[in-house]
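Okay, here's what each chain looks like letter by letter:
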Protein chains: 2
Amino acid sequence: MRRTAPCPDMDRRALLAGLALLPALSVPLFTVSAAAQTATSGGSLPSWNDGAAKQAIIDFVRATINRSSPNYVFPEDRIAVFDQDGTLWVEHPMYTQVVYCLERVPAVAAKRPELRNVEPFKTVLSGNREAIAKLSMRDLYKILAATLSGMTVDEFNAEAKKWIETAKHPRWNRPYTELAYQPMLEVLSYLRNNAYKTYIVTGGGQDFVRVYAEKVYGIPPEQVVGTAGGTKYGYGQDGKPFLTKEPKLILNDNNAGKPEGIHLMIGRRPYAAFGNSTGDRQMLEYTGAGAGARLKMLVLHDDAAREYAYGPATGLPDSKVGTFTQALYDEAKKDGWTVISMKNDWRRIFAFE
Amino acid sequence: MRRTAPCPDMDRRALLAGLALLPALSVPLFTVSAAAQTATSGGSLPSWNDGAAKQAIIDFVRATINRSSPNYVFPEDRIAVFDQDGTLWVEHPMYTQVVYCLERVPAVAAKRPELRNVEPFKTVLSGNREAIAKLSMRDLYKILAATLSGMTVDEFNAEAKKWIETAKHPRWNRPYTELAYQPMLEVLSYLRNNAYKTYIVTGGGQDFVRVYAEKVYGIPPEQVVGTAGGTKYGYGQDGKPFLTKEPKLILNDNNAGKPEGIHLMIGRRPYAAFGNSTGDRQMLEYTGAGAGARLKMLVLHDDAAREYAYGPATGLPDSKVGTFTQALYDEAKKDGWTVISMKNDWRRIFAFE
């Protein structure tokens, strides 16, 4: 795994793609789509429309929990992994964690005034969104490193928890935590009800996602695998030990880093994997390379009305967040992965609809 | 966490301390101690004698599972961590994994003949135990790196599994896997029966311990935290992906590396921690620094007749494996950790007794 600054895989354009949109913070509440109705069908997956995607999930579970099935999987081996951004919740117009990091800059600069006149902090503090959008990748690393390290683990957890409880998404004017996809929450429950251990395997920061994963997804901290920095054990003046977050990358949990992270943190190959971008490709390949029934699913963002549309469904360029390229689409088709159309497969997208 | 070769914290003298003993491979079966009787008391902990250690475990569990207790712990927060070598199973005369690495050298040299005339492999292949005992720390790293990396994850798992199923401890002439301490197996079950999630947090190799942890301790791979190297994702000629074990240290899970590893892999502070050496000191400190009831226990090896005696109980020098120094003993007393006397607290030590 690479050893550079945290979150190197977040593409600069991806990180900044949404910045231009942020001034429009007070857009009216999104009108609930006519397709969002009270669930009336589907048993464990009421927010799913009948179709190939829903059927693939049900068929997989049936095949692996039925003792007489040739593809039966012992309960202790039932591991399912989920990418987060764009797979479990909204990743547009910007990764939630990047919003957090940018919004933390003033607090960091207050504690470290020497940063105020140093780039890239000066630019971020200026509030000039056009200038911020032009920051280099190297500058962004500096921002991530400064806002995600240098404090104790307890301090970070308290800060991130406070932020996630109050920050709101500009489009829906609701907490980010309400922007989890209801159909995916149902998949998580459905799998857990069938003895699957559900994991998040995210390119986002492991510590950040752990702050809210239990509340939002019912996934405990130890089942969140993400991009992770090191910590350093030390003692306070009172002799009490604590851990400090260091600006040192241990796991870059993107692309090939996802199966590598799965091996490090879980130690066995998943039976089911859900993603939505090229960053999830290797995780799905690795899952699919195991024997027996393996569920590989990709969420396609093709619903501009209820969420966003990007990737091959729209012809948008590949550099956007959650890149779902034509090549990925082709690999999915060739290897029998199932593509989930948000527009067609999901009866509703959010719990609040 | 440090970035050197794997397992740097294994002290050279510690690694080699037992080598001199190994020629005596065919010692007669150890005579079962008179103290090893069929368990007749103790409910969940039948192999424990009544006393302060057993009572500390019971009091801790009662205090944390009783909803009306001021120290009640929600089931999802119940994390207990256990060192392995010397805490859950025998670590004398040599760490089991080091035996494995030394015994793997001929197979590695067969595949890589160029190593046959290169030190330290030449010395290991000579079988000259006196010369092996004089190998430098740097040489030992080379042996660990060569035998624990360079193969696929699947190959390593298969090799280690085969070895652990057949290799026997020189003193008891039984598989190493039978040398788990019965009283500790009972603690693991007792805690799990009270909704505690049990983890191994070992200085040994994470991948190695994961091979047998489920079978020996009932602990699944994802609940084994250990010294871990990186892996590299790649594709075979058939296009199938696989992970190769690399000679690159990601986590040195010893000393301060234990709480750092706990944060990385579990993400929350344990409520109970069991160790037996200075390598476990920070893990016990970190556990003890949390609020409410916290169980901190150290296994003292003071039973030369039934197992081994080393540490302050015997006046043996500090450089032995599983160093339990006078300083650690003093810290335990000062901070209210409980010392388990194998001689006095354990009615029997092994299941086969």
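Conventions used here
- Residues numbered from 1 in each chain as written.
- Chains lettered and ligands numbered in written order.
- Predicted model: local features only at pLDDT ≥ 70, side-chain atom pairs only at ≥ 80, totals over all residues.
- Heavy atoms only, no water.
- Helix = DSSP H or I, 4+ residues; strand = E, 2+ residues; numbered from the N terminus.
- Buried < 20%, exposed > 50% of the residue type's maximum accessible area, 1.4 Å probe, protein only.
- Lys, Arg positive; Asp, Glu negative; His and termini not counted.
- Salt bridge = Lys/Arg side-chain N within 4 Å of Asp/Glu carboxyl O.
- Polar contact = N/O pair within 3.5 Å; in protein donor to acceptor, adjacent residues only side chain to side chain.
- Contact = heavy atoms within 4.5 Å.
- Buried area = accessible area lost by both parts, 1.4 Å probe.
- Pairing = 2+ DSSP bridges.
- Axes fitted to C-alpha atoms, helices over the stretch in contact; angles between N-to-C directions.
- Least-squares fit on C-alpha atoms with pLDDT ≥ 70 in both.

*Asks:* Lay out the side chain of A:K296 in plain terms, naming residues and giving numbers.
*Replies:* Residue and element names in this part refer to chain A. In this fold, K296 is placed in strand β6 (residues 295-300). Buried K296, no salt bridge; nearest opposite-charge side chain is D335, N-O distance 8.1 Å. Among the polar contacts made by the side chain of K296, one reaches the main-chain carbonyl oxygen of R294 at a distance of 3.2 Å. Those residues in contact with K296 that sit more than four places away from it in its chain are A273, L284, G288, D335, G336, W337 and T338.

*Asks:* Tell me what's going on with the interface of chain B and chain A, and back it up with residues and numbers.
*Replies:* The interface is formed by 42 residues belonging to chain B together with 42 residues belonging to chain A. Between chain B and chain A lies a buried interface of about 3,500 Å² when both sides are counted; carbon and sulfur atoms form 51% of it. Together, B:E222, B:Y233 and B:H263 form the three largest contributors to the area buried by chain B at its contact with chain A, with a combined 18%. Joining chain B to chain A, the criterion identifies eight salt bridges.

*Asks:* Talk me through the sheet that holds strand β5 (residues 272-275) of chain B; I want residue IDs and the actual numbers.
*Replies:* Taken together, the seven strands give an open sheet; going across it, the order is β4-β3-β2-β1-β5-β6-β7 (chain B), and neighbouring strands pair in mixed fashion. Since the sheet does not close on itself, it has two edges, and those belong to β4 (241-251) and β7 (338-341) of chain B, each with one partner. Within this sheet the neighbouring strands show an average axis-to-axis angle of 35 degrees, counted without direction. Relative to strand β2 (residues 197-205) of chain B, strand β1 (residues 79-82) of chain B runs parallel, the two being bridged by four bridges. When the sheet's bridge partners are listed, B:V81 is paired in β2(B) with B:Y199. Taken strand by strand, helix α11 (residues 281-288) of chain A contacts β3 (224-235) and β4 of chain B, and its axis lies near 95 degrees from that of β3(B).

*Asks:* A description of the relation of the copies chain B and chain A should follow, citing residues and the corresponding values.
*Replies:* Once turned by 180 degrees and shifted 0.0 Å along the axis, chain B lies on chain A with an RMSD of 0.0 Å. The symmetry that links the two subunits is that of a two-fold axis.

*Asks:* Describe helix α10 (residues 257-265) of chain A, with residues and values.
*Replies:* Residue and element names in this part refer to chain A. Within α10, nine of the nine residues are buried, which leaves the element mostly enclosed by the surrounding structure. Within α10, the full set of buried residues consists of G257, K258, P259, E260, G261, I262, H263, L264 and M265. Residue G267 follows α10 closely and has a positive phi angle near 85 degrees.

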